[in-house]
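Summary of the model geometry
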Amino acid sequence: MPLDHSLIGVEGPAHERTWTTRDTMLYALGVGAGTSELEFTTEKGQRVLPTFAVLAAQSPGRRLGDFDPALLVHAEQGFELYRELPPAGGVRTTSKVTGIYDKGSGALVTSEARAVDLDTGEPVVSSRSAVFIRGEGGFGGDRGPRDAWVLPDRAPDHKVTYPTLPEQALLYRLSGDGNPLHSDPEFAARAGFDRPILHGLCTYGVTGRALLHAVAGSDPGRFQAMSGRFTSPVLPGESLTVSIWVDGENVHFRTAKDDGTVVIDRGRATISRR
Ligand SMILES: C/C=C/C(=O)SCCNC(=O)CCNC(=O)[C@H](O)C(C)(C)COP(=O)(O)OP(=O)(O)OC[C@H]1O[C@@H](n2cnc3c(N)ncnc32)[C@H](O)[C@@H]1OP(=O)(O)O
């Protein structure tokens, strides 16, 4: 059954989301922060990890078509953050599907969202994401735009390795993503995985922590943007190494597993010098 191309460019209903200090602390734990990052995991002087912006600006997805949900994976994610997020707050988000591309082995569906402060209406976050739906390609559509990301021709300026826990996906899902692909072995098997895989946004959050501490001096106020492509699944318990290249405010990065498999590619971030 083909995907619903009539969704492209049509803004969905506005969605309001509020969060509490507990939500932002739970998110920090979900992406691996712990006792060495108490400003993100406890109330004392609490600050918010910048990648929480993606969750803040999420709205319920629209029905893209009639396909097996086990075959859908998160493919790309980017965001721009216009000001530091408060530990508790709220936004109103509008979103739309921006493209449905034919990638042969699957379809790539891209979306964007804009979130404004619930009280003031000021812009807080812009977010861009893509999902890859295996088996839904081959409909004769456009392959979509190409990205000119180039791996810097030098050794990384920073390399940061963080572990993930075997329970990481069970912890992360409490931040609101209950997709059984990350918790239910039977569902994961239907998608062709030996066991449930880690949420892409968990890998993204672990990577964001590495960027925050290595490049932004642990100051979320300097973290302006981040984007990347999910190129290979991560299993809970695997370690992640983020290689980072810094050129002024422009940052390139890549995240890989211990065996060298790249799991987030084409990474970019903008981190102010302040
Ligand atoms: C709701 C779910 C939530 C989750 O969190 S799921 C967990 C997080 N996500 C993942 O683990 C996904 C990891 N990525 C992958 O497993 C693979 O990657 C894909 C299955 C997405 C694609 O792999 P393949 O079917 O082998 O595609 P190809 O032959 O490498 O490329 C075919 C075309 O698709 C483009 N492409 C491949 N991967 C992505 C991607 N991640 N985002 C955007 N485009 C992608 C390529 O460039 C190319 O297209 P061009 O020929 O036009 O260049």
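Residues numbered from 1 in each chain as written. Predicted model: local features only at pLDDT ≥ 70, side-chain atom pairs only at ≥ 80, totals over all residues. Heavy atoms only, no water.

Looking at an unreviewed UniProt entry, the chain carries the name Enoyl-CoA hydratase, with the source organism given as Nonomuraea deserti. Here is the UniProt Sequence similarities (unreviewed entry) comment for the chain, exactly as written: "Belongs to the enoyl-CoA hydratase/isomerase family." (UniProt positions renumbered as here; feature names shortened; annotations may be inferred.)

1. Remarks on the overall build of the chain
A count of helical and extended segments in the chain gives six helices and 10 strands. For 274 residues, the compact-globule estimate of 2.2 N^0.38 gives 19 Å, and the chain sits close to it at 18 Å. Projected onto its principal axes, the C-alpha coordinates of the chain cover approximately 50 × 45 × 40 Å. Intrachain contacts of the chain at a sequence separation of at least 6 include 74% that bridge at least 24 residues. Total accessible area computed for the chain in this model is approximately 12800 Å², and 51% of it derives from carbon and sulfur atoms. The averaged location of the 34 negative side-chain charges in the chain is 3 Å from the averaged location of its 29 positive side-chain charges. (Helix = DSSP H or I, 4+ residues; strand = E, 2+ residues; numbered from the N terminus. Rg over C-alpha atoms; globule rule 2.2 N^0.38 Å. Contact = heavy atoms within 4.5 Å. Areas by Shrake-Rupley, 256 points an atom, 1.4 Å probe, with all protein chains shown as cover. Lys, Arg positive; Asp, Glu negative; His and termini not counted. Charge placed at Lys NZ, Arg CZ, Asp CG, Glu CD.)

2. Topic: the site of the ligand
Of all residues adjacent to the ligand, which total 22 residues, the nearest are His74, Lys103, Ser105, Gly200 and Phe230. Between the ligand and arginine 143 there is a distance of 3.1 Å, counted from an oxygen atom to a side-chain nitrogen or oxygen. Separating a nitrogen atom of the ligand from a backbone N or O atom of phenylalanine 230 is a distance of 2.7 Å. Put simply, the parts of the chain that give the shell around the ligand at least two residues each are strand E2 (72–81) and strand E7 (223–230). Among the elements that make up the shell around the ligand, the one with the highest residue count is E2 (five residues). Its residues assigned to classes, the shell around the ligand shows nine nonpolar, eight polar and five charged. (Near = heavy atom within 4 Å. Polar contact = N/O pair within 3.5 Å; in protein donor to acceptor, adjacent residues only side chain to side chain. Nonpolar A, V, L, I, M, F, W, Y, C, P; charged D, E, K, R; others polar.)

3. Digging into the pattern of salt bridges
Tallied over the entire structure, the rule returns 14 salt bridges. For arginine 47, the salt bridge is made with aspartate 219, and the minimal N-O distance between the two is 2.7 Å. Of this pair, arginine 47 sits in the loop between helix H2 (38–41) and helix H3 (52–56) while aspartate 219 sits in the loop between helix H6 (200–215) and E7, placing them 172 residues apart in sequence. Residue arginine 47 is classed as partly exposed on the basis of its relative accessible area of 27%. Given the relative accessible area of 17%, aspartate 219 is considered buried. Of the charged contacts, one joins lysine 257 and glutamate 238 as a salt bridge, the two residues approaching to 3.4 Å between their closest N and O atoms. Taken as a pair, lysine 257 in the loop between strand E9 (250–256) and strand E10 (262–271) and glutamate 238 in the loop between E7 and strand E8 (240–247) lie far apart in primary sequence, 19 residues in all. For glutamate 238, a relative accessible area of 23% translates into the label partly exposed. By sharing partners, the salt bridges in this structure join Arg47, Glu84 and Asp219 into a single network. (Salt bridge = Lys/Arg side-chain N within 4 Å of Asp/Glu carboxyl O. Buried < 20%, exposed > 50% of the residue type's maximum accessible area, 1.4 Å probe, protein only.)

4. Here we look at helix H1 (residues 21–30)
All of the buried residues in H1 are Thr24, Met25, Tyr27, Ala28 and Gly30. Those residues of H1 hidden inside the fold are in contact with strand E1 (15–19), H2, H3, helix H4 (168–172) and H6. Once H1 ends, the next one or two residues include glycine 32, with phi positive near 95°.

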